[in-house]
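Summary of structural features
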Amino acid sequence: MKRVILFLIFFTLAFSENLSSVDSEYMNYVNKLINYEFQLKNFDKIKPPFEEAFKPKQPRKLTLVKSIKITLLAIFDNKAYVKLDEFLGDRLIRTEKKWIGIGDRIGNCRVSNITFSSLYLNCHNKVVVKTLNVKIPGIKEQK
């Protein structure tokens, strides 16, 4: 019985070597069929048929705009006490409180008139009116 088992083991080992060489030959053939063994040249010029070409985005230039927010705090003797908040983009860079009179400049605006409860600023072709604790008729306050 031992001899038969040994014979079967030797027979399977001998036969398996022939199968592995056949398997490797078959696998090489299949790899050649699947991969086609193309050598791609000018790979940069190949374009996919249904996709758009990739265009890198241009970096956009960020421009920060300097702006001034004016808050009217008090009026006394033709002088106005204002709070000036300077912004660079969204960022608050400076806060200042000062008294201004007629003819003074705030940024690119000039003070044109000061009344009992309002401040008039001329900015290029516009007139900006800042009021002091006065409700504007026609505008309903929300609570």
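As a reminder, the structure under discussion sits directly above these lines.
Residues numbered from 1 in each chain as written. Predicted model: local features only at pLDDT ≥ 70, side-chain atom pairs only at ≥ 80, totals over all residues. Heavy atoms only, no water.

**As for the state of the cysteines**
What is meant by a disulfide is a covalent connection between two cysteines, made through their sulfur atoms. Counted by the stated rule, this structure contains 1 disulfide. A disulfide bridge connects C109 with C123, and the sulfur atoms are separated by 1.8 Å. The disulfide joining C109 to C123 has a torsion of about 110 degrees about its S-S bond and is therefore right-handed. Separated by 14 residues along the polypeptide, C109 in strand 5 (residues 109–114) and C123 in strand 6 (residues 118–123) bring together distant segments of the chain. (Disulfide = S-S within 2.5 Å. Helix = DSSP H or I, 4+ residues; strand = E, 2+ residues; numbered from the N terminus.)

**What to know about the pairing of strand 2 (residues 79–88)**
As judged from the 10 bridges shared by strand 1 (residues 66–76) and strand 2, these two strands associate in the antiparallel manner. Paired with T71 across the bridge in strand 2 is K83. Judged from the 9 bridges that link them, strand 2 and strand 3 (residues 91–100) form a sheet pairing that is antiparallel. Directly across from F87, in strand 3, lies its bridge partner L92. Hairpin geometry of strand 2 and strand 3 is characterised by an intervening segment of 2 residues between the two adjacent antiparallel strands and by a positive phi of about 75 degrees at G89. (Pairing = 2+ DSSP bridges.)

**Details of unusual backbone geometry**
The phi dihedral of D77 falls on the positive side, at around 55 degrees, and the residue is not glycine. If you trace the backbone, D77 turns up in the loop between strand 1 and strand 2. A positive phi is found at H124, a non-glycine position, where the angle reads about 55 degrees. Looking at where H124 falls in the secondary structure, it is placed in the loop between strand 6 and strand 7 (126–131). Judged by relative accessible area, H124 falls into the exposed class, the value being 68%. (Buried < 20%, exposed > 50% of the residue type's maximum accessible area, 1.4 Å probe, protein only.)

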